[in-house]
Amino acid sequence: MARDDGQDTVTLVLPASRPFADLPRVGLASLLRIHRINPGDVGDLATSVLEATAELAAEGSEVVIEFRVTDTEVSVDLTGNGRTLRISVPRT
């Protein structure tokens, strides 16, 4: 979904099931290619997103993941089981 405020946001909703835990990595990889982001800039982000997704899904909750890219950062908001986690890295 593209927004008029200069941000690109993609939302992914995962059921509470471990087989879907790798999908956030695929979404992040797609954003890297589309926006030509240096993979080195988001290596730790990818690891953190996978860990947070697995943690929220293990709690038996659906996980909603919003990937957001701006001119200055890549951020991921993960929501599940009544809490939201935000992970971000600057773009260089």
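Up top you'll find the structure we're talking about.
Just so we're clear, the structure is a prediction, and the values are computed from it rather than from any experiment.

Chemist: Is there a simple way to think about the environment of alanine 16 in this case?
Modeler: Relative to the helices and strands, alanine 16 resides in the loop between β1 (8-14) and α1 (23-35). The exposure class assigned to alanine 16 is partly exposed, which follows from its relative accessible area of 41%. Considering only alpha carbons, one finds alanine 16 and glycine 60, 44 residues apart in sequence, at a separation of 5.3 Å.

Chemist: Please explain the pattern of salt bridges as it appears in this structure.
Modeler: For the structure on display, the rule yields four salt bridges. Salt-bridge contacts for aspartate 77 lead to arginine 68; the nearest nitrogen and oxygen are separated by 3.2 Å. On the accessibility criterion, arginine 68 (9% relative accessible area) is buried. Connected via shared salt-bridge partners are Glu66, Arg68, Asp77 and Arg86.

Chemist: When you look at helix α2 (residues 43-58) in this model, what are you seeing that I'm missing?
Modeler: A turn of α-helix holds 3.6 residues, and therefore any two residues three or four places apart point the same way. Between its first and last C-alpha atoms α2 spans 23 Å; for 16 residues at 1.5 Å apiece the expected length is 22 Å, and the two agree. Of the positions making up α2, those classed as buried are Leu45, Val49, Ala52, Thr53, Ala54, Leu56 and Ala57. Where α2 is buried, its residues meet β1, α1, β2 (63-69), β3 (73-80) and β4 (83-90). Within two residues after α2, glycine 60 carries a phi angle of roughly 85 degrees, on the positive side.

Conventions used here
Residues numbered from 1 in each chain as written. Predicted model: local features only at pLDDT ≥ 70, side-chain atom pairs only at ≥ 80, totals over all residues. Heavy atoms only, no water. Helix = DSSP H or I, 4+ residues; strand = E, 2+ residues; numbered from the N terminus. Buried < 20%, exposed > 50% of the residue type's maximum accessible area, 1.4 Å probe, protein only. Salt bridge = Lys/Arg side-chain N within 4 Å of Asp/Glu carboxyl O. Expected span 1.5 Å × (residues − 1). Contact = heavy atoms within 4.5 Å.

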